[in-house]
Amino acid sequence: GGGYKFVITGMDADEKYIFARFSFQLDFVADGDYSVYFEGCCRPAELKNNANLVYHIRSEVRVSLANYAIYPKSSFRFRMPEVVDLKYQGIGACEAANCGNSDCSTMFKMQGYHEDDAYHRTTKLRLGDPFEQGRYKCYRHATPTNGNTPYAQTANKCPSTVDTTLTFSNPPMVWERPELTLGENLNTGAGGLAGVIRFTVRTTGSYQMTIMSETPLNDGTGDPPLLNVIDMLVKVTQFADSDQPLSNYDPAILAYKPWRFAPISIECGSGGGGLFAIGSAVQNSLSIRMTDPDAGAARQLICGGRNVPQDVQWIAPSLPFAQGVTLGNFSRPALGSANAEAKLSWMPTCEKRSQLGLFMMCFSGKDALATTTKGAGARNIPTVYKADGVLWGGSAIAPYNPSCLFVDVQPPRPNPNPSITAQSPPVTGPSFSTSCFADTCGCCSSEQCACRLSKPCLRDMAAIGDEWEIVVSAKAENNFFPLDVKISYYLDPDSEATGVMLPALANSVANHFVPSGTGSSTVKLFEVGPKVLGVNGAVSRRVKFLIPNDPLITLGTRSLRLCYNGYQTAVGVDVVAWKEMHGVNPVVETCEYCVKVNIVTEPKFLGTAGTLANPVDHYVEVGKPEQLMIQAINSGEGSIDIFVLSDPGAPDGTVLTDGVMDATGVLSRHLVYTPKLGQEGFTYLVCVVVVNSEGLRSAANCHKFIVQKISISWSSTTPCPWKTADPGVTLCASTGYQMVSVGCKNTYAIEADTGGTATSPPRYDVKLYVVETPKCEGCTFTNQDMFVETSISVHRCDEMGANMTGACCGNGVCDGAETGMNCGRDCPPDDAALVVSETAGDKGTFTFTAMRH
């Protein structure tokens, strides 16, 4: 069992009746049919029946372990007002009259419903039997101390006013169609005659009625139906100068005509926005109106001028509404007008079972003269059937004017995941959200995902003090819960433990610090900027990741995982109750996307290192090796190596020696370049990098090799053996003709000038030597006594080929321009010599005495 709770919930609009709710809990220990009731003393003494008898309500409870699943989750619910006011002599009577033998009655419909469609359709209403009305209090066991003796009526236990028949010579009430269930609507659909009572208004007075609902279970047991009861009052009052108001509604309701099986609908929670769906119409409130039928001059004339226009004093719920329902903004256009209205609004709470499902909301209003004192005047008749007019859903036979509306509260709509994107660098960089799941399957690390431990995308942070900035943006289909971006990081890249969330509070910013490892100072690891609102409810945050100067000491790891997702915060919602009710959370998050961040710093070169934009210059000579020592060191653990970049590559003649690692972790390799003949005058760029075992590499170390090309001048040769043919040129030419006489000795001081100076020595080591098989292409000489040639050369016979003709060196004949000096194989030695200086190879003395051959 449980505690008993008696709670006063409110008062009626006239502050005459107090509403209270009495609740308790019972535990049933065995299967069976139980009768649960509440009684209190006593009914009003002015009642014409059952006065002073106990106030009694009873309900049947069936407990069956085998069949509980098919039983309804709730009982039939009556929705009648605290009292049914009926006007003496009937609706619209201006004056008291004697009904005589005519039918002097008013029809109204019992208001109630079962939340389950099937049980509602099979429910019947009836008048309670004498014992259900409380007559059982008039009986006791014949032997009070023996429960097995029969019951017998005890006069002194039963008030003299007990009358459980409601007959009074002329029956005050009859059912129009007692055999009908609430689902059998023979005449007008929603306004069927099931549950309609005809009550006599021939005489004034107050009556008590016990009305029972019978709901069959059809569970195969053949047991009686489930019963529920309402103990209610009906008053017939003489309202001398007042008719009773009629319920009315706004045009959308009147057009749709909502009833039990075609209700108005509303979605619970802020996702529905408190909007009522009335057929195809949607509005944020319902206009509940009351119409005064006796207002206006025409009614005054009918009443002989004695009546005056009426006012609707108030509109109120017949019974207290569910939590959160408001009926306010009561207004009437002017005194004496026919209409007044109040606005009903509601945003049902999704996490409360009492706020979901079908509701029957019933309304009361009171009509009176403008000068009527509080409490006087006539109230509307609940769901009145009026005999002399056609109202909503009615006909001339059975007009229907409902004072209730049915509202179906729908569960919350599915809340789609927000979407998330990330961009680095912000604004200009590429987006990478879909490629960087926490697992590459993209299943948000669910238990069913086969690859939930797959590595996320990799982001290299390659230098101490490097910064990496991204912008993470999220947007949601709905905006009734606040949206934000969450950043998390994990020190272990493969860990599934909860990471550090940044920022810890929504709508805030975060700077995350970690111990620096040096004293008590700290270093900043993350900066998470403020939430920025975009168009259509989108939000974004900028996240900056800062590599600290001591990552190994600070973090105890070489890498970490940075993750981000979009989420909404359930504001104004009991999340636990919501999940218990609907099986899901009221808000959802996006998948978590992650980037693995390497925080090991790059290896570095030692010594002088060039860059691609500013390489180190090296002036080199053909045939002379240029050797560079390249040294590098790793910033962390692991091995390193030095490589030549394929772009721009290296010229022919380049060699990179094997590396040597010393005890201090310094790796040394030599880059050796020996320019080859034909490379003179060209410039070559060579770049090397150092790469560690984790794939991190240094910036390129670039060197530029400039292969020297020199020009030799013979201007210092004296005397110059020949002058250039160009009279404007005074320099000594490198080739030409020289006229000599046989037997005369010619001596020349020869010097090959490379242009070197004392401060800028020549690039090459120049040495003089005699050329075998010389050629003097383009040489010209003209003399009237000599044969003129434009070219003179000595060719080797093997250069001439198989069809060789003419003079050549190697044919055994000293012919053509051959001498002993330029073709010793064919000619005898000349009287000639080149003596090179012992101190300077570019200087020497050449002597030549022409001989006759």
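Residues numbered from 1 in each chain as written. Predicted model: local features only at pLDDT ≥ 70, side-chain atom pairs only at ≥ 80, totals over all residues. Heavy atoms only, no water.

Here we come to the overall build of the protein chain. Each helix and strand counted, the protein chain has six helices and 52 strands in total. Relative to its 853 residues, the protein chain shows a buried fraction of 42%. Long-range contacts, defined as pairs at least 24 residues apart, comprise 66% of the intrachain contacts of the protein chain with a sequence gap of at least 6. Carbon and sulfur atoms form 54% of the exposed surface of the protein chain, whose accessible area is close to 43,100 Å². (Helix = DSSP H or I, 4+ residues; strand = E, 2+ residues; numbered from the N terminus. Buried < 20%, exposed > 50% of the residue type's maximum accessible area, 1.4 Å probe, protein only. Contact = heavy atoms within 4.5 Å. Areas by Shrake-Rupley, 256 points an atom, 1.4 Å probe, with all protein chains shown as cover.)

With that out of the way, let us pick up empty space enclosed by the protein. Enumeration over the complete set of coordinates arrives at four cavities of 30 Å³ or more. Considering only enclosed or pocket space, the second largest cavity measures out at about 60 Å³ in volume. If you trace the second largest cavity, you find it lined by Pro81, Val83, Gln111, Ser318, Phe363, Ser364, Arg379, Asn380, Ile381, Pro382 and Ser403. Per-class residue counts for the lining of the second largest cavity are five nonpolar, five polar and one charged. (1 Å grid on protein atoms, 1.4 Å probe; cavity = no way out; pocket = protein on both sides within 12 Å on 5 of 7 lines; lining within 4 Å. Points joined across faces, edges and corners; volume = space filled by probe spheres on them. Nonpolar A, V, L, I, M, F, W, Y, C, P; charged D, E, K, R; others polar.)

In this section: the pattern of salt bridges. The tally for this structure, following the rule as stated, stands at 24 salt bridges. The partner of Asp617 in a salt bridge is Lys704, with the nearest N and O atoms 3.5 Å apart. Note that Asp617 is positioned in strand E40 (residues 616-620) and Lys704 in strand E47 (residues 701-707), a separation of 87 residues in sequence. We note a salt bridge from Arg796 to Glu799, for which the minimum N-O separation is 3.4 Å. Assessed through its relative accessible area of 38%, Glu799 is described here as partly exposed. Salt bridges sharing common partners tie together Asp12, Asp14, Glu82, Lys366 and Arg379. (Salt bridge = Lys/Arg side-chain N within 4 Å of Asp/Glu carboxyl O.)

It is worth spelling out the environment of Phe76 at this point. With respect to the element layout, Phe76 can be found in the loop between strand E4 (55-63) and strand E5 (77-78). Among residues more than four places away in sequence, those in contact with Phe76 are Gly112, Tyr113, His114, His120, Thr123, Leu125, Leu182, Ser213, Thr215 and Asn228.

In this section: the packing of aromatic side chains. Counting across every chain of the model gives 13 aromatic pairs. On the basis of an interplanar angle of 70° and a centroid distance of 5.3 Å, the ring pair of Phe199 and Tyr207 is categorised as edge-to-face. Grouping residues by exposure puts Phe199 and Tyr207 together as buried. Ring centres of Trp259 and Phe261 lie 5.3 Å apart, and the angle between their planes is 80°; on these two criteria the pair is classed as edge-to-face. On the basis of relative accessibility, which here comes to 23%, the residue Trp259 falls in the partly exposed class. (Phe/Tyr/Trp six-rings, centres within 6.5 Å; stacked < 30°, edge-to-face > 60°.)

What follows covers the sheet that holds strand E52 (residues 843-849). Sheet strands associate in pairs through backbone hydrogen bonding, adopting either a parallel or an antiparallel arrangement. The strand order across the open sheet formed by three strands is E48-E52-E51, and the pairing between neighbours is antiparallel. Since the sheet does not close on itself, it has two edges, and those belong to strand E48 (745-751) and strand E51 (831-836), each with one partner. Pairwise comparison of adjacent strand axes, ignoring direction, gives a mean angle of 10° for this sheet. Pairing of E48 with E52 involves seven bridges; the strand directions are antiparallel. The partner of Glu751 across the bridge, within E52, is Lys843. (Pairing = 2+ DSSP bridges. Axes fitted to C-alpha atoms, helices over the stretch in contact; angles between N-to-C directions.)

Bringing the pairing of strand E23 (residues 339-345) into the picture now. As judged from the six bridges shared by strand E20 (residues 286-291) and E23, these two strands associate in the antiparallel manner. Note that in E23 the partner of Ile288 across the bridge is Ala342. Bridge count for strand E22 (residues 326-331) against E23 is four bridges, and the pairing is antiparallel. Looking at the pairing, Gly328 lines up with Lys343 of E23.

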